[in-house]
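Listed here are the chains, written in short residue letters.
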Amino acid sequence: MSDVRVRPTTHERHIDEAARIWAEATAARDGDTEVAPLRLARPLIQAVLDGTPRSLLLVALDGGRVVGFAAVEPVPADGSTAEIRYLGVEPGAWGRGVGRQLLRAAPAHLAAAGFARAELGVYVDNPRAVSLYEAAGWLPHGEAVPHPRSGRLEQRYRLDWDDSRQDAGEATPPPPTTDLRQADDVAHAIAATALGRDPGPMTTADSLSHHVYLGADVVVKIIHAAGHLRLDREIALAPHLPAGITAPLLDSGLHELATGEVRYACYARVPGVTPGMGLSGVDEATARRLAEDAVQRLHRLHGWTPGADARRTLGETLDHGGFVSRDALLAEVEKLAALDRDGIVARRVLDGVTAMARDAPSLARADVPVHADCHWGNWLARDRRVTALLDFEWARLGEPMDDWFFLIRFSGPHREAVLDVVAGATETSPATLRQECEVREASYLLSDLRVALQRPDTPAQVVAENVRDLEELVVDRPWWR
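Residues numbered from 1 in each chain as written. Predicted model: local features only at pLDDT ≥ 70, side-chain atom pairs only at ≥ 80, totals over all residues. Heavy atoms only, no water.

Student: Go over the overall build of the protein chain with me, naming the residues and quoting the values.
Tutor: In terms of regular secondary structure, the protein chain is built from 14 helices and 17 strands. On C-alpha atoms alone, the protein chain measures out to a radius of gyration of 24 Å, which is about the 23 Å that the 2.2 N^0.38 rule sets for 481 residues. Overall, the protein chain is about 70 × 60 × 40 Å in size when its C-alpha atoms are taken along their principal axes. When each of the 481 residues of the protein chain is scored for burial, the buried share is 53%. Expressed as a percentage of contacts within the protein chain between residues at least 6 apart in sequence, the contacts between residues at least 24 apart total 71%. Summed over all atoms, the accessible surface of the protein chain reaches about 21500 Å², with 50% contributed by carbon and sulfur. The centroid of the 53 positive side-chain charges in the protein chain is displaced by 2 Å from the centroid of its 70 negative side-chain charges. (Helix = DSSP H or I, 4+ residues; strand = E, 2+ residues; numbered from the N terminus. Rg over C-alpha atoms; globule rule 2.2 N^0.38 Å. Buried < 20%, exposed > 50% of the residue type's maximum accessible area, 1.4 Å probe, protein only. Contact = heavy atoms within 4.5 Å. Areas by Shrake-Rupley, 256 points an atom, 1.4 Å probe, with all protein chains shown as cover. Lys, Arg positive; Asp, Glu negative; His and termini not counted. Charge placed at Lys NZ, Arg CZ, Asp CG, Glu CD.)

Listed below in structure tokens is the structure:
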């Protein structure tokens, strides 16, 4: 297969193909006759790509068709090391050199993304994979240990770029010249172009999904071009959103770095600071005032009639994990029970969340523009007044309750006060709000726990935290306290 090309991608179709290949390859590897459907396999790949701004997907293309892939993310607390979380080759292409070409091409792409080495794990009873990695120059790293979930012995392998020269005499990929996490000059150049002048000093801001830089009157969000596509959604929606709801978009596009291409969005900086998740340090009177402003802005969003382009973006499929229907929620409980082979979720918790699902509305609406992530970390406020709602990456067609949930749920000690504000402004009874919010929280927690159980290398602590959160929702019933 000498005509196979390996390149990074963000195409939805390629992500689907990678998930399909993973499901087929693992079934063939383990001798399973049943192949996981796309709806179960895709979240595994998507979770890697959504995990950090530096995650990326490499695909091996044979005449435009995906025949192999590698899903990569940084090793936690070690930004210079890439973790190949999933690598798969279509079973029909086994033995034709696809995996070898993926491994040969990966170092250059990963070096371009700012990594100095890569690691992966492989079951020692998978001789095909062990031989492939060792032949490509990967070396064992540490001792083989039982996998925490499957119990099968797993060996870690590592490849440093200095050791990655091929027998054919290929050059070692050059070390990256720019680390995107510290690329202040990149943000400065983008801001200067958008403003037509020097933006002045810029500082970094905390973000789980992007690299964000703040100037006196400008904000720049940057992500590697091979990262997730949600910034594209935000950029596509920004020119169409009702005036005054969010920060104005000044410029967007792609920017070429020595280490690869980045996608960016440049916004005018709106006055204010975020009240923060949980409204920490805010008194009840201020919380009510902020909630009143937030509800007014969300009413404007919910009442907006998007044009064809914006509606198309809002209508794109998102695996958002939120409430869709009673049947879907019951199915989520069944999938969790089937995945939980070790019985880590107590029976009373499964029974309790099943009862919640049975009492849920039969169907959630999907005809109103919603932000779908409007917790207090995504708002700006000044002088006890809301000034902007940020980060429209998860915006979609839903129903207003999807936003009321986030606004109320993440109000910390002021949950009851904010619920009271929403109830009054929307003429919705507090009992209805409690039930609808409880169902939505159950949907998100079930989805998070299912994905954690589906990923065999999810840290046990993460699984335990997800189980604890679900148990607290079902047993303690915080929405009714």
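Further notes follow.
Student: So what's going on with helix α6 (residues 230-237)? Which residues, and what values?
Tutor: Most of α6 is tucked away, with six of its eight residues classed as buried. If you check which residues of α6 are buried, you get Arg230, Leu231, Arg233, Glu234, Ile235 and Leu237.

Student: Describe the pairing of strand β3 (residues 65-75), and please don't skip the residues or the numbers.
Tutor: For β3, the buried fraction is high: ten of the eleven residues fall into the buried class. In sequence, strand β2 (residues 56-62) turns back onto β3 through a hairpin of two residues, with Gly63 there showing a positive phi of about 65°. The antiparallel hairpin formed by β3 and strand β4 (residues 78-89) contains two residues in its connecting segment, where Ala77 sits at a positive phi of about 65°. (Pairing = 2+ DSSP bridges.)

Student: Outline the packing of helix α9 (residues 326-339) against helix α13 (residues 430-454), listing residues and values.
Tutor: Packing of α9 against α13 brings their axes to within 10 Å, and their N-to-C directions diverge by 30°. Of the possible angle classes, the one that applies to α9 and α13 is roughly parallel. Crossing angle aside, the handedness with which α9 passes α13 is left-handed. Taken together, the residues of α13 that come into contact with α9 (itself represented by Leu329, Glu332, Val333, Lys335, Leu336 and Leu339) are Val439, Ser443, Leu446, Ser447, Leu449, Arg450, Leu453 and Gln454. (Axes fitted to C-alpha atoms, helices over the stretch in contact; angles between N-to-C directions. Parallel < 35°, antiparallel > 145°, perpendicular 65-115°, else oblique. Left-handed = near helix turned anticlockwise from the far one by under 90°.)

Student: Any details on the packing of helix α10 (residues 347-358) against helix α14 (residues 460-476)? Residues and values, ideally.
Tutor: Packed helices, taken two at a time, are described by the angle between their axes plus the distance between the axes. Running from amino to carboxyl end, α10 crosses α14 at an angle of 65°, the nearest separation of the two axes being 9 Å. When the axis of α10 is compared with that of α14, the two are roughly perpendicular. For α10 against α14, the interelement crossing comes out left-handed. In this structure, α10 contributes Arg348, Val349, Gly352, Val353 and Met356 to the contact, and α14 contributes Leu470, Glu471, Leu473, Val474 and Val475.

Student: Account for the pattern of salt bridges, naming residues and giving values.
Tutor: All chains considered together, the criterion is met by 37 salt bridges. With a closest N to O distance of 2.9 Å, Asp402 and Arg440 form a salt bridge. Taken together, the residues Asp402 in helix α11 (residues 400-409) and Arg440 in helix α13 connect sequence positions 38 residues apart. The exposure class of Asp402 is buried, given its relative accessible area of 4%. (Salt bridge = Lys/Arg side-chain N within 4 Å of Asp/Glu carboxyl O.)

Student: Describe the nonpolar core, and please don't skip the residues or the numbers.
Tutor: Grouped together as the largest cluster of nonpolar side chains are 64 residues, with contacts concentrated most on Trp376, Trp379, Trp404, Leu407, Ile408 and Leu470. Aside from chain neighbours lying at most four places away, what touches Leu470 is Leu336, Val349, Val353, Leu445, Leu446 and Leu449. Among the nonpolar cores identified, the runner-up in size contains 33 residues, and Val6, Val98, Leu102 and Val122 belong to it. (Core = buried A, V, L, I, M, F, W, Y, C linked by side-chain atoms within 4.5 Å.)

Student: Mind laying out the confidence of the model for the protein chain, listing which residues take part and the relevant values?
Tutor: As a general rule, the predicted coordinates of low-pLDDT regions are not to be interpreted in detail. Residues of the protein chain with pLDDT of at least 70 account for 91%, and the chain-wide mean is 87. In the predicted structure, residues 162-182 sits below a pLDDT of 50 and forms 36 contacts with residues beyond four places in sequence or in another chain. (pLDDT = per-residue confidence, 0-100.)

Student: Please set out unusual backbone geometry residue by residue, giving values where relevant.
Tutor: At Ala372, a position not held by glycine, the phi torsion is positive, near 65°. Structurally, Ala372 can be placed in the loop between β14 (368-370) and β15 (379-382). Given a relative accessible area of 7%, Ala372 falls into the buried group. Positive phi, normally seen in glycine, also occurs at Asp391, with a value near 60°. Its location among the elements puts Asp391 in the loop between β16 (385-389) and β17 (396-398).

Student: Got a sec to walk through the pairing of β16? Specific residues and values, please.
Tutor: For β16, the buried fraction is high: four of the five residues fall into the buried class. Between β15 and the antiparallel strand that follows it, β16, lie two residues; Asp383 among them carries a positive phi value of about 55°.

Student: How would you summarise the side chain of Arg440 if you had to cite specific residues and measurements?
Tutor: Overall, the relative accessible area of 1% leaves Arg440 in the buried class. Not counting chain neighbours up to four residues away, the residues in contact with Arg440 comprise Phe323, Ala364, Glu399, Met401, Asp402 and Phe405.

Student: Can you break down the state of the cysteines residue by residue, with the values?
Tutor: The final tally for this structure, using the stated rule, is zero disulfides. A disulfide-free cysteine, Cys437 has its sulfur positioned 10 Å from the sulfur of Cys374, the nearest such atom. (Disulfide = S-S within 2.5 Å.)

Student: Could you give an account of α13, naming the residues involved and the relevant values?
Tutor: Its 25 residues place the ends of α13 36 Å apart at the C-alpha level, agreeing with the 36 Å of an ideal helix rising 1.5 Å per residue. The element α13 is largely enclosed, with a buried count of 20 among its 25 residues. (Expected span 1.5 Å × (residues − 1).)

Student: So what's going on with the environment of Ala423? Residues and values would help.
Tutor: Mapped onto the elements of the fold, Ala423 is located in helix α12 (residues 415-426). Residues Ala423 and Tyr86, spaced 337 residues apart in sequence, show a C-alpha to C-alpha distance of 46 Å. Other than its neighbours up to four places away in sequence, Ala423 contacts Thr428, Pro430 and Leu433.

Student: Outline the packing of aromatic side chains, listing residues and values.
Tutor: By the definition in use, this model includes eleven aromatic pairs. Seen from their ring centres, Trp22 and Tyr86 are 4.9 Å apart, and the 70° between their planes marks the pair as edge-to-face. With a gap of 64 residues between them, Trp22 in helix α1 (residues 12-30) and Tyr86 in strand β4 connect regions that are remote in the sequence. Tyr86 carries the same exposure label as Trp22, and that label is buried. Arranged with centres 6.2 Å apart and planes meeting at 40°, the rings of Phe405 and Trp479 form a pair that is tilted. With a gap of 74 residues between them, Phe405 in helix α11 and Trp479 in the segment after α14 connect regions that are remote in the sequence. Comparing Phe405 with Trp479 shows no difference in burial state: the two are buried. Here the guanidinium or amino end of Arg409 rests over the ring plane of Phe410, the centre of that ring lying 5.1 Å away. Seen from the ring of Trp479, Arg415 lies directly overhead, with NZ or CZ sitting 4.2 Å from the centre. (Phe/Tyr/Trp six-rings, centres within 6.5 Å; stacked < 30°, edge-to-face > 60°. Lys NZ or Arg CZ within 6 Å of the ring centre and 35° of its normal.)

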